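Letter by letter, the chains look like this.
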Amino acid sequence: MQQQKSYHNEQEAVLYIVPTPIGNLEDMTFRAVRILQEVNLIAAEDTRNTKKLCNHFNISTPLLSYHEHNFKKAGEEILARLLSGSQVAIVSDAGMPAISDPGYEIAILAISNGIKVVSLPGANAAITALVASGLDPQPFYFYGFLQRNKGKKLQELEKLKAVQNTMIFYEAPHRLKDTIQQMLEVMGDRKVAIAREISKKFEEYIRGQLVEVRDWVVETELRGEFVIVVEGNMNLEENSITWWQDLSVLDHVNHFIQMGSKPTEAIKQVAKDRNLPRNEVYQQFHQL
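What this report covers is the structure whose coordinates are included nearby. What you see is a predicted model, and the numbers here were worked out from it, not measured in a lab. Along each chain, residue indices are assigned from 1 in the same order as the chain's sequence is written. Predicted model: local features are reported for residues with pLDDT of at least 70 only, side-chain atom pairs are reported and counted for 80 or more only, and whole-chain, interface and lining totals are derived from all residues. Where side-chain values are given, they derive from all heavy atoms of the structure, hydrogens and water being excluded.

On to the sheet that holds strand E1 (residues 14-17). Pairing between the strands of a sheet comes from backbone hydrogen bonds, and it takes one of two forms, parallel or antiparallel. Pairing is parallel across the open sheet formed by five strands, whose spatial order is E3-E2-E4-E1-E5. Bordering the open sheet on either side are strand E3 (63-65) and strand E5 (116-119), each of which pairs with just one other strand. The mean angle between the axes of side-by-side strands here comes to 25 degrees, regardless of whether they run parallel or antiparallel. As judged from the three bridges shared by strand E2 (residues 41-44) and E3, these two strands associate in the parallel manner. Pairing between strands is defined by DSSP: at least two bridges between the two strands are required. A helix here means a DSSP run of H or I that spans at least four residues, while a strand means a run of E at least two residues long, and both kinds are numbered starting from the N terminus. In this analysis an axis means a line fitted to C-alpha atoms, helices contributing only their contacting stretch, and an angle means the value between N-to-C directions, from 0 to 180 degrees.

Our next topic: the sheet that holds strand E6 (residues 140-145). Taken in spatial order, the five strands line up as E6-E7-E10-E8-E9 in an open sheet, and their pairing is mixed. The open sheet terminates on both sides in strands that have one partner only, identified here as E6 and strand E9 (204-209). Between one strand axis and the next, the sheet turns by 15 degrees as a mean value, whatever way the strands run. As judged from the six bridges shared by strand E8 (residues 191-196) and E9, these two strands associate in the antiparallel manner. Across the sheet, residue Ile194 finds its bridge partner in E9, namely Ile206. Any two residues whose heavy atoms approach within 4.5 Å are treated as being in contact. Across the sheet, helix H7 (residues 176-187) lies against strand E7 (166-171), E8 and strand E10 (226-230), angled at about 10 degrees from E10, the strand it touches most.

Glancing now at a nonpolar patch on the surface. A surface patch of nonpolar side chains, about 290 Å² in accessible area, is lined by Tyr104, Ile108 and Ile111. Here Ile108 is to be found in helix H4 (residues 104-112). Exposure remark for Ile108: the relative accessible area of 40% places this residue in the partly exposed category. A patch consists of residues whose relative accessible area exceeds 30% and which take part in no salt bridge; residues with like charges are grouped when within 9 Å of each other, and nonpolar side chains (Val, Leu, Ile, Met, Phe, Trp, Tyr) when within 5 Å. With residues, only the protein chains shown are counted as cover, and all accessible areas are computed by Shrake-Rupley using a 1.4 Å probe. Counted as salt bridges are all cases of a side-chain nitrogen of Lys or Arg within 4 Å of a carboxyl oxygen of Asp or Glu. Relative accessible area decides the class of each residue, using a 1.4 Å probe on protein chains only: under 20% of the type maximum gives buried, over 50% gives exposed, and in between gives partly exposed.

With that settled, the discussion passes to the nonpolar core. In this description, a nonpolar core means a group of buried Ala, Val, Leu, Ile, Met, Phe, Trp, Tyr and Cys residues linked to one another through side-chain atoms lying within 4.5 Å. Ranked by size, the top nonpolar core spans 34 residues in total, and within it Ile180 and Met183 carry the most contacts. If we skip the residues at most four places from it in the chain, Met183 touches Leu146, Leu157, Phe169, Gly188, Leu210, Ile228 and Val230. Counting 19 residues, the second largest nonpolar core, distinct from the first, contains Met28, Leu36, Ile42 and Ile59.

One way to put it is that helix H6 (residues 150-160) packs onto helix H10 (residues 263-274) with a least axis distance of 10 Å and a crossing angle of 15 degrees. Looking at the two axes, H6 sits roughly parallel to H10. Relative to H10, H6 is oriented so that their crossing is right-handed. The segment H6 lies against H10, with Gly151, Lys152, Gln155 and Lys159 engaging Glu265, Gln269 and Lys272. Residues are sorted three ways: Asp, Glu, Lys and Arg are charged, Ala, Val, Leu, Ile, Met, Phe, Trp, Tyr, Cys and Pro are nonpolar, and all the rest, Gly among them, are polar. Classifying every residue of the contact of H6 with H10 gives no nonpolar, three polar and four charged. Small angles under 35 degrees read as roughly parallel and large ones over 145 as roughly antiparallel, with 65 to 115 read as roughly perpendicular and the rest as oblique. With the far helix as reference, a near helix turned anticlockwise by less than a right angle produces a left-handed crossing, and one turned clockwise produces a right-handed crossing.

Pairing of aromatic rings covers Phe, Tyr and Trp, the last counted by its six-membered ring, and requires centre-to-centre distances within 6.5 Å; plane angles under 30 degrees mean stacked, over 60 mean edge-to-face, and any other angle means tilted. The final tally for this structure, using the stated rule, is four aromatic pairs. Geometrically, the ring pair formed by Tyr141 and Tyr143 is edge-to-face, given 6.1 Å between the ring centres and 70 degrees between the ring planes. The exposure class assigned to Tyr141 is partly exposed, which follows from its relative accessible area of 33%. When the ring of Phe145 is compared with that of Tyr170, the centres are 5.7 Å apart and the planes differ by 65 degrees; the resulting orientation is edge-to-face. Residue Phe145 is located in strand E6, and its partner Tyr170 is located in strand E7; the two are separated by 25 residues in the primary sequence.

Now for a positive patch on the surface. When charges are tallied, Lys and Arg are placed among the positive residues and Asp and Glu among the negative ones, while His and the ends of the chain are skipped. Where a charge lies is defined by one atom per residue type: Lys uses NZ, Arg uses CZ, Asp uses CG and Glu uses CD. Taken together, the side chains of Lys159, Lys268, Lys272 and Arg278 make up a positively charged region of the molecular surface. Of note, Lys272 is situated in helix H10. Judged by relative accessible area, Lys272 falls into the exposed class, the value being 55%.

What follows covers the side chain of Ser133. Looking at the element boundaries, Ser133 is found in the loop between helix H5 (125-131) and E6. Counting of polar contacts relies on pairs of N or O atoms within 3.5 Å, with two restrictions inside protein: one atom must be capable of donating a hydrogen and the other of accepting it, and residues adjacent in sequence are counted only when both atoms are side-chain atoms. In this structure the side chain of Ser133 is engaged in a polar contact, spanning 2.7 Å, whose partner is the backbone oxygen of Leu130. Residue contacts for Ser133: discarding those within four places in its chain leaves Ala193, Arg207 and Val229.

Right, here's the structure in full:
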């Protein structure tokens, strides 16, 4: 057990997790600016982007690169600074660090070494999109980015389709069409809201049924960063009857293959769905 009194001694080492603007520089809080001015070091996902932010707010604190490709080496340097009594702030390019961005690993490292970790409230795309989505905001389930591989994404959605909470996803523009199409096919038609370019000049919300939004993404030139907010399963008892019950094993496997899965992945998923030995599904699939 570990108990932390965040403000008992503000002169000792602290790792500050500081959210930054997700579009509009006015998203920056007064406190976030002050902390970034006062700490000894800022660990940044991209020092070039953070330098622009610092220049805008007259922050002259030294920067250190800390991202997914160097977090082990940079993490050791940050920990050494913290153990020597320094105060360090970690920022991502936009929003709250550690939410689909670097930050989690250094927070765990600091906590395991008895260093205080203090998180500042601030800009976050997921919560912002949720409360403006028109969908029930609580309880909600934040998932972040789905797998890029279509087969693996399909398997994730299969697991998520029974979730009754409102779900929040992040997605890149070049994958949005496929993701919405797969959500419709796997989860069935349900309410959804898409937010893009949150807090920026071209912020936009698209609200409706998945089938309507599917048509919109097909017809639209997609740019910017997207947050997808999807209604939870409101008919769990009705959906207890499996969607594949009228399919043969062969058709069941072919369904997953058509959705982008490799044959081995499809066979594995069908075996799991039907509670059958994988060899039995394999034999039925290859018997022709």
